[in-house]
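A look at the structure
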Amino acid sequence: MKREKSAELFERAKSCFPGGVNSPVRAFRSVGGTPLFIEKGKGSHIWDADGNEFIDYCCSWGPLILGHASDKVLSAVEKTMRNGTSFGAPTRLENELAGLILANNKYIEKLRFVSSGTEAVMSAIRLARGYTGRSKILKFEGCYHGHSDSLLVKAGSGLVTFGNTSSAGVPESFVKETIVVSLNNKQALEEAFAQFHQQIACVIIEPIPANNGLLLQDKEYLQSLRDICTKNGTLLIFDEVISGFRIGFTGAAGYYNIQPDIITYGKIIGGGFPVGAYGAAKEIMSCISPEGGVYQAGTLSGNPVAMTAGIAQLSECLKSGFYNALEEKTKQLTTGILKQTSGKFPLMKFFSVGSIFWIAFTNKEKIASAEDIDPGSMNYFRSLYAGLLEQGVYLGPSGYEVGFMSEAHTAEDIQLTVSAFAKALEQVAETTNV
Ligand SMILES: *Cc1c(COP(=O)(O)O)cnc(C)c1O
């Protein structure tokens, strides 16, 4: 596989950007080598600067549920763009996208558009604090909520801890407001509430944690979260930036049928453009300015071009059978690979839900918390990754990241991917006991 052009572009990028990238995971550090510079995408395929073609399961980290350069999205966007790209004044398109979402999602009554998932979460936290008048928040180890200060916090040692910052530049005093506990651990949760029950503004969780492996939780555990929050006057925030519009139109709230107090969205909602949103019941949302005292604003919020892409993409998601077809293809992929390799690589497992899948190398049958992932197992992924690229399959460049199926993936793509895995795994087996 030729890599000269990508390597050259990366050298140039390194003189422009820290580490040569505008978001750290793109730098390929955890899989080694230099990142591929992508030239174009169509449907389920992408092409890099050297002309190599790949079947893509990263899909821009989830947003592209219709695949790349969807004709439906592009033709709508083109039309909107010709009327101007931004006004900083309300447009009909915001009503239209909101209308589409609210009419089909009983878990929120009002929402506010922002420009990224990070911004959605940051605003939701401020809303929870404003609404409750409390300042502490509780998060879970192994859930990612974007890069705002209060959430760049990792667990210390002990069952219930204030976190340690997971980034330089986050003040100690911020960290003191964030409690961190393990996923799937009721005792830790109860202990945190016993210590801080009148102080916790909100509990935030990815109900389908998909940023540190795929750490599927039991419905019963999520329900216990709901119950303990209700009992303590604490708001429950579902961060559905990945799972929203991915696990069905109503995301994880609908999948588990649990009513959170605030939901955050991103990724799919913008059809490949920068959009985030947070929503809740009318009463909670009335705290947001200009109606209420919680300030939140954005120059490009509700951008007409981005709204148009969201409308076009979500309209497709609403068509009957859309999500079943995605799930079916995901099963074909994972079972196809396991069948083709007929138990020869017992450490490799697929964990999946809907159209999200995660490849783990483990003896465990279930992985429900960050602590259950063996960092050493990432060496297998690294080796598999190199083999898959050679075979024309592109995944997110880290073993902690999940893969996404899109509407554009075909039966042929799946067949080719199954063969690619079989070949790549043979290579992994030559150097390890996978
Ligand atoms: C991607 C993601 C975010 C951050 O969204 P950005 O658009 O990257 O800022 C927040 N929460 C979850 C669950 C995510 O997956």
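Further up the page is the structure itself.
Residues numbered from 1 in each chain as written. Predicted model: local features only at pLDDT ≥ 70, side-chain atom pairs only at ≥ 80, totals over all residues. Heavy atoms only, no water.

A short note on the sheet that holds strand β14 (residues 348-353)
As summarised here, the arrangement of the three strands in space is β14-β15-β17, forming an open sheet in which the pairing is antiparallel. Each of the sheet's edge strands pairs with one partner strand only, and the pair in question is β14 and β17 (403-404). Pairing geometry for strand β15 (residues 356-361) and β17, over two bridges, is antiparallel. Each residue of the ladder has a partner; that of Ile356, found in β17, is Phe404. Helix α11 (residues 322-340) contacts β14 and β15 of the sheet and is inclined by roughly 170° relative to β14. (Pairing = 2+ DSSP bridges. Helix = DSSP H or I, 4+ residues; strand = E, 2+ residues; numbered from the N terminus. Contact = heavy atoms within 4.5 Å. Axes fitted to C-alpha atoms, helices over the stretch in contact; angles between N-to-C directions.)

So, the site of the ligand
Around the ligand sit Ser116, Gly117, Thr118, Tyr144, His145, Gly146, Glu206, Asn211, Asp239, Val241, Ile242 and Lys267, and that is every residue in its neighbourhood. Measuring from a nitrogen atom of the ligand, one finds a backbone N or O atom of Tyr144 at 3.4 Å. Note that an oxygen atom of the ligand is positioned 2.9 Å from one of the side-chain N or O atoms of Asn211. Out of a free accessible area of 380 Å², the ligand has 82% covered by protein chains. (Near = heavy atom within 4 Å. Polar contact = N/O pair within 3.5 Å; in protein donor to acceptor, adjacent residues only side chain to side chain. Areas by Shrake-Rupley, 256 points an atom, 1.4 Å probe, with all protein chains shown as cover.)

Considerations on the pairing of β14
β14 sits mainly inside the fold: five of its six residues count as buried. From the end of β14 to the start of β15, which pair antiparallel, there are two residues, and Gly354 there has a positive phi angle of about 55°. (Buried < 20%, exposed > 50% of the residue type's maximum accessible area, 1.4 Å probe, protein only.)

Quick look at the packing of α11 against helix α13 (residues 411-431)
Their axes nearest at 9 Å, the elements α11 and α13 cross at an angle of 35°. Crossing geometry of α11 relative to α13 is assigned as right-handed. Along its contact with α11, which presents Lys329, Gln332, Leu333, Gly336, Ile337 and Gln340, the element α13 presents Ile414, Thr417, Val418, Phe421 and Ala422. A class-by-class count of the residues in the contact of α11 with α13 yields six nonpolar, four polar and one charged. (Left-handed = near helix turned anticlockwise from the far one by under 90°. Nonpolar A, V, L, I, M, F, W, Y, C, P; charged D, E, K, R; others polar.)

Some words on unusual backbone geometry
In the segment running from Ser289 into Pro290, the intervening peptide bond is cis, with an omega of 10°. Note that Pro290 resides in the loop between α9 (282-285) and α10 (304-317). One non-glycine residue, Ala69, adopts positive backbone phi at about 50°. Along the chain, Ala69 falls in the loop between β3 (53-56) and α2 (71-81). Given the relative accessible area of 29%, Ala69 is considered partly exposed. Even without glycine at this site, Asn184 takes up a positive phi of about 55°. Here Asn184 lies in the loop between β9 (178-181) and α6 (186-196).

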